[in-house]
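# Observations on chain architecture
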Amino acid sequence: MLDLYQQEVETQGAALNEGLVAWESDPDSADVDALMRAAHSLKGAARIVGLDMVGKVAHALEDLFVAAGKGELALGSDQLDWLFNAVDVLVESGQQTEEKMSAWLSGNAEWSEEVIKGLGSIQTKATEAPKPEPVPAPNPEANTPATPPAPSTTYTPPEQTPDLSMIDLFREEAKQQMGDFQAGLESLDPASAGKEQLEPLMRAAHSMKGAARIIGLMAAVEMTKVIEEAVNAAIAGKIKLADDHIDHFKHSGEFLSAFSAAPDEALASWPQEHADDYSSLMDGLHRTLAGESLATAAPEPEPAPEPAPPETSTPPKAESGSSLPPEAEKAPAPSKAKDRAKAAASEKSKSDGVVRVSADSLNRLMGLAAETVVETGQLENFRDTLLRLKQAQSDLNSRIDSSQRILDQLELDAESRVHFEHIRQAAQQALTLVREQLEHFDNFARRNTLLSDRLYREVLSSRMRPFNDGVQGFPRMVRDVARTLGKQVKFTIEGKDTPVDRDILERLEAPLNHILRNACDHGMEMPDDRQAVGKDPVGSLVLSARHSAGMLVVEVKDDGRGIDCDKLRTKIVEKQFATAEMCEQMTEEEVLEFLFLPGFSTAGKVTEISGRGVGLDVVQNLMQQIAGQARINTEVGHGTTFHLQVPITRSVIRALLADIDGETYAFPLSRIARTVRMSYDDLKTVENRQYFEMEGQNVGIAPARAALGFGGNTSSITPHLDIVVVNDRNQLYGVEVDTLMGEADLVVRPLDKRLGKVPGISSASLSEDGEPILILDVEDLIASIDKLLSGGARLETLRSDAQEEVRDRKRILVVDDSITVRETERQLLENAGFYVEVAVDGADGWNAVRLGEFDLVVSDIDMPRMNGYEFVSKIRNDSRLGKLPVIVVSYKDREEDRIKGLEAGADYYLTKSSFQDDTFIQAVKDLIE
Amino acid sequence: MTKNDSLDLASKERAAMLRLLDRSPPEGYLDDWQQRLRDKEDDHDRETQGVLVFRLFDEWLAIEAKIVKEITADASVHRIPQRTNEVLRGLVNVRGELQICVSLRSLLSLRDTGEKHILSRRVHPRMIVFQGEDGAFVFRADEVYGVHPLEMDTLQDSPVTVSKAMATYTRGLFTLREIKVGLLDHELILHSLRSKYL
């Protein structure tokens, strides 16, 4: 149901935002009915999925629209802020996943209350006095919970000096374990939870404890220890868990996650800085362990790593709306609204408005459609065969006809004549049949070719979405920005239906966001200034999209102050991007290009709206990635236009096909400077490097085979070389291929994810006859060419020497589900001169041990899928592996655990404290040296 | 016909019927049926598994049919620069999708000895697509026999004479039309492909 709710919120939320923005700019034409309907549907939807709080907000919003519809109240921008806030609550509620929902609800209850009050106050105001006034700030005291009583026992975080050498691994592990932990809690029903549900929790806490101990994060060790003990107690039935305990576990998990995610330099002091949270969490955990109920305990402190929990005496911060001092005249809404809008924009789900199809399924459809085209191409061959058959039949018939004349001269009896007549007729029938079939087949082939072609195009175009889908958030964003700046902007979007590839649309969002903010901030003048120069105080900002010459053209046009190129020149010189003389020489266009350079900003000061460290270079970066172009037109006093030209789709590219070592590769046409066919005589050699001269420039040549890592030389017997000249940052490179094969439109398929990044290759495709083609990654290829030209090719041989050496070393398999432990063991063993492979659990280890020819196995006990006891017994029972030495390393240090491990067949049973001294390494050496 | 007549006839028929039902069963009849029912029961107990039987060089092998996605005509393989090795052969087009092609021959260290038992009337090389946990693999087989219902308890241990790679990757041997067929351990094969060759 939540899925449906999310879709509903997406549609109705967009309608509400759009309607409200329209209302603000022109209250008379507003479609209040539509707004009311949207709020009403959301109210219903929220109640169906059980989001009462959200339902209340929608209800208040609906009431307000009803009143407005009757003409009972007029709304100004200040009032509308509350309405926008309400929409934000609704939209955000639709962006929560099932797991996150409860956290979101509790985190935003206060905000929602505030919004409902705000909405209510507009209505009361309206009935009391016809003239609306700014919304008074809500009384912060009313909503802030009373200061909670201090927890009964105070726990001070232990001192710690973390060892940061493996902190990245630890973070990764913490993320995974805490993820498992939270997931386990989420699906846990405390009333019916049994061993199977609780054990994963115990394991996650246990692994986290071990990992934290290795890093030296003692606060985390202490906390996970209590969690583990508490869960163990629950498994043993010593304590009963209730919902409040589970919640407390969740908060502890969040605390641990926040702790492990803290930046390196803050890790040591983090627990001290969050001592209050730590103390109350530990208190709760200890009480859980003692079997007490937490229901009567003090409310939880905010689990989020906020530096100022509500109960501290820190002065109220402006970022939390409710803690603004009451004397503030202005409503807190705008700043809050802006933050929310920003968050919403970044989190905005990229789902399809109509149906959701997985990318995998779409890829498969594309594959099938392409294959249909290939297969239909084969019909042509079949038709040719039919044609030949028809020809043969015609020949046969004419022979029979001519033999008729010979027969006429012979004296034949009647029976023979009838017989020959039958032959003639049969041949005639066969010819007619073949002709008919050929005609049928022609029609059939034509229809099929047409159909498969259409199918293919349709599947390709299913990646297209209307431009509007990607820019729905902008009207609201522009409205909020303009309002914060005190400017008046009329924002319109043209070409909303223009189809754009969904990938391109997604990528355009960030740069467009940036350009629009820039336009509001720097481009637009204040209303008074505009009036002073005789312009409409309301500025115009237009975002438009259209197709032009096979490209998508997106423009952002404002009628603001424009960019002063002379000022820009001064700036360029100031920033030492160019000398004054050079600047004088530059055309206006060239000067404007500097705006796209990283670190070049025209903003006098860094404001929150724009100039947040990212410049227009984000635009330029994107253009490079997707083979587009960006241009600026400007006229001082009249405005600026940003002109982006991008390919309509990235799923089909025009490419040059070339044969390299007997197989087909494709160069994207956009990266090719030119192709050259030259004779060997034009080749020059300097210091073993080959080059040729092109337009006065020396272009180095490298064989594509070598750049791709294939041995051998071009085996062509032709007297000429085929060379593709590619350029990279104005440097030209010649790539020698075996044969140039011609151009083709290729449908780009991603490479199998399991292959990772393949050097020199960006993606794959299929040729017209269904053969695989690899599409070259020109930048990557140039990098390998550079390496080749500078003699880096020798690296290969060095590496094989290193592998040779590895073969002499003893091989050890390390099996542990904790990445931190795994890597610690690996480092210890590698430092001691062993070759180490790792496996992540017993089942993985069992597979690895059968393949690896190991001299020793080191294994953990507590692991998912197959535990250590099982794993060791399996090794002992295998005819080939039976004698393989095994060391078990576990946290479990009780004697009975030891005995169990040794009984399963382990040669040594060590605890993880053995890493501290050389016990572990000594045991390994005892067994295999 | 009077009422009495019909009653009389009915009682005669009834007597005949009873005689028919009461007669003793023919010789061996009961034993026969007991045996048949007992056999049925045994059949139920026996665990059968559909396995796809194919040939690589002269070696007949089988994998569990449930992981086989499809079998297609032979297709050409495009090498992947810097990735292609003995086992990982490259990319192959299977119904419009590019799949990773591997060589089971190399993985199992098989050699061509030239003597082969052929089971089909016409021999075609085929591409077999099988599903791993995170994606499919394709390998080329010299001949595909088809799916055979294998009774798992007829599986014998691999003899010590087979090569080490074969011994590692097979779960056991069974006999099909007087030919020894090795059942492959697909989990180990997938693990090995993932961890060593990708």
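Nothing here was measured: the structure is a model prediction, and the numbers come from that model.

### Quick word on the overall build of chain A
Within chain A one finds 33 helices and 23 strands. Residues classed as buried in chain A amount to 34% of the 929 residues present. Taking contacts inside chain A between residues at least 6 apart in sequence as the whole, the part at least 24 apart equals 70%.

### A look at the overall build of chain B
Of the regular secondary structure elements, chain B holds five helices and 11 strands. A buried classification covers 27% of the 198 residues belonging to chain B. A sequence separation of at least 24 residues applies to 59% of the contacts in chain B between residues at least 6 apart.

### Digging into the sheet that holds strand 1 (residues 48-56) of chain B
Residues and elements named next belong to chain B. Taken together, the five strands give an open sheet; going across it, the order is 9-1-2-11-10, and neighbouring strands pair in mixed fashion. The outermost strands of the open sheet, each flanked by one partner alone, are strand 9 (143-151) and strand 10 (170-176). Strand after strand, the sheet turns through a mean of 35° between neighbouring axes, direction not considered. Of the pairings in the sheet, the one linking strand 1 to strand 9 comprises eight bridges and is antiparallel in character. Opposite Val-53, over in strand 9, you have Gly-146 as the bridge partner.

### Some thoughts on unusual backbone geometry
You will see that Asp661(A), though not glycine, has its phi angle at about 55°, which is positive. Here Asp661(A) is to be found in the loop between strand 8 (652-660) and strand 9 (663-668). One non-glycine residue with positive phi stands out, namely Arg95(B), at about 45°. Examined against the element boundaries, Arg95(B) turns out to sit in the loop between strand 5 (88-94) and strand 6 (97-102). Given 16 C-beta atoms within 10 Å, Arg95(B) falls into the partly exposed group.

### Thoughts on the pairing of strand 7 (residues 639-647) of chain A
All names here are of chain A. Where strand 5 (residues 551-558) and strand 7 come together, eight bridges link them in antiparallel fashion. Its bridge partner lying in strand 7, Lys-557 is registered against Thr-641. Both strand 6 (residues 629-635) and strand 7 contribute to a ladder of seven bridges, which runs antiparallel. In the sheet register, Asn-633 faces strand 7, and the bridge partner there is Thr-641. Where strand 6 folds back onto strand 7 in an antiparallel hairpin, the turn is made up of three residues, including Gly-637, whose phi is positive at roughly 85°.

### Digging into the interface of chain A and chain B
Many authors give the size of an interface as the accessible area that is lost as the parts come together. Counting from both sides, the interface comprises 27 residues of chain A and, opposite them, 24 residues of chain B. Every element with two or more residues in the side of chain A that touches chain B is listed here: helix 15 (359-377), strand 17 (761-766), strand 18 (772-776) and helix 30 (842-852) of chain A. Looking at the side of chain A that touches chain B, the element that brings in the most residues is helix 15 of chain A, giving five residues. Classifying every residue of the side of chain A that touches chain B by side-chain character gives 14 nonpolar, five polar and eight charged.

### With respect to the nonpolar core
Grouped together as the largest cluster of nonpolar side chains are 75 residues, with contacts concentrated most on Ala666(A), Val735(A), Ile775(A), Leu776(A), Ala62(B), Val102(B) and Val138(B). Ranked by residue count, the leading element in this core is strand 8 of chain A, at five residues. When sequence neighbours within four positions are dropped, the list of residues in contact with Leu776(A) reads Tyr665(A), Ala666(A), Phe667(A), Gly760(A), Ile761(A), Ser762(A) and Leu781(A). Counting residues in each nonpolar core, the second largest holds 38 residues, with Ala15(A), Val54(A), Ala60(A) and Ile122(A) among its members.

### Examining the pairing of strand 10 of chain B
Residue and element names in this part refer to chain B. As defined by bridge partners, strand 10 adjoins strand 11 (residues 179-184) across six bridges and the pair is classed as antiparallel. Of the residues in strand 11, the one forming a bridge with Leu-173 is Gly-182. Hairpin geometry of strand 10 and strand 11 is characterised by an intervening segment of two residues between the two adjacent antiparallel strands and by a positive phi of about 45° at Arg-177.

### Points about the sheet that holds strand 6 of chain A
Hydrogen bonding along the main chain pairs the strands of a sheet, whether they run parallel or antiparallel. All names here are of chain A. Pairing is mixed across the open sheet formed by five strands, whose spatial order is 2-4-5-7-6. Edge positions in the sheet fall to strand 2 (489-494) and strand 6, since each of these pairs with one other strand and no more. Adjacent strand axes in the sheet meet at a mean angle of 10° when their direction is disregarded. Summarising the sheet, strand 2 and strand 4 (residues 539-548) pair through six bridges and their orientation is parallel. Bridging across to strand 4, Thr-492 finds its partner in Val-542. The strands that helix 20 (residues 502-523) touches are strand 2, strand 4, strand 5 and strand 7; relative to strand 5, the one it contacts most, it runs at about 20°.

### Topic: the environment of Leu774(A)
Residues and elements named next belong to chain A. Summarising the element assignment, Leu-774 is placed in strand 18. Classification of Leu-774 as buried rests on a count of 26 C-beta atoms within 10 Å. In the structure, Leu-774 is positioned 23 residues away from Leu-751 in sequence and 9.0 Å away in space, judged by C-alpha atoms.

### A look at the packing of helix 7 (residues 167-186) of chain A against helix 8 (residues 195-215) of chain A
All names here are of chain A. Two numbers describe how helix 7 lies on helix 8: the axes approach to 9 Å, and their chain directions differ by 160°. Taken as axis vectors, helix 7 and helix 8 run roughly antiparallel relative to one another. Relative to helix 8, the crossing made by helix 7 is left-handed. Note on element contacts: helix 8 touches helix 7 through Pro-200, Leu-201, Ala-204, Ala-205, Ser-207, Met-208, Ala-211 and Ile-215, opposite Ile-167, Phe-170, Glu-173, Ala-174, Gln-177, Met-178, Asp-180, Phe-181, Gly-184 and Leu-185. Along the lines of polarity and charge, the residues of the contact of helix 7 with helix 8 split into 13 nonpolar, three polar and two charged.

Calculation notes
- Numbering of residues starts from 1 in every chain and runs along the sequence as written.
- Written order decides the labels, with chains lettered from A and ligands numbered from 1.
- Residues qualify for local features only when their pLDDT is at least 70, as the model is predicted, and side-chain atom pairs are given and counted only at 80 or more; totals for whole chains, interfaces and linings, by contrast, use all residues.
- For the purposes of this entry, the term helix denotes a DSSP run of H or I that reaches at least four residues, the term strand denotes a run of E that reaches at least two, and both are numbered from the N terminus.
- To sort residues by burial, count the other C-beta atoms lying within 10 Å of each one's C-beta; a count of 20 or more means buried, 12 or fewer means exposed, and anything in between means partly exposed. C-beta atoms are built from the backbone.
- Residues are scored as being in contact if the C-beta atoms we place from backbone atoms lie within 7 Å.
- The rule for pairing is simple: two strands pair if DSSP sees at least two bridges between them.
- Fitted lines through C-alpha atoms serve as axes, helices being fitted only where they are in contact, and the angles separating the N-to-C directions of these axes extend from 0 to 180 degrees.
- As a working rule, the residues Ala, Val, Leu, Ile, Met, Phe, Trp, Tyr, Cys and Pro are called nonpolar, Asp, Glu, Lys and Arg charged, and the rest polar, with Gly in that last group.
- One nonpolar core equals one set of buried Ala, Val, Leu, Ile, Met, Phe, Trp, Tyr and Cys residues connected by C-beta atoms within 7 Å.
- Geometric relationships in this document are graded by angle, where less than 35 degrees denotes roughly parallel, more than 145 denotes roughly antiparallel, 65 to 115 denotes roughly perpendicular, and other angles denote oblique.
- Crossings are sorted by hand: turned counterclockwise from the far helix by less than a right angle, the near helix makes the crossing left-handed, and turned clockwise it makes it right-handed.

Scope: geometric values only; no functional claims are made or implied.
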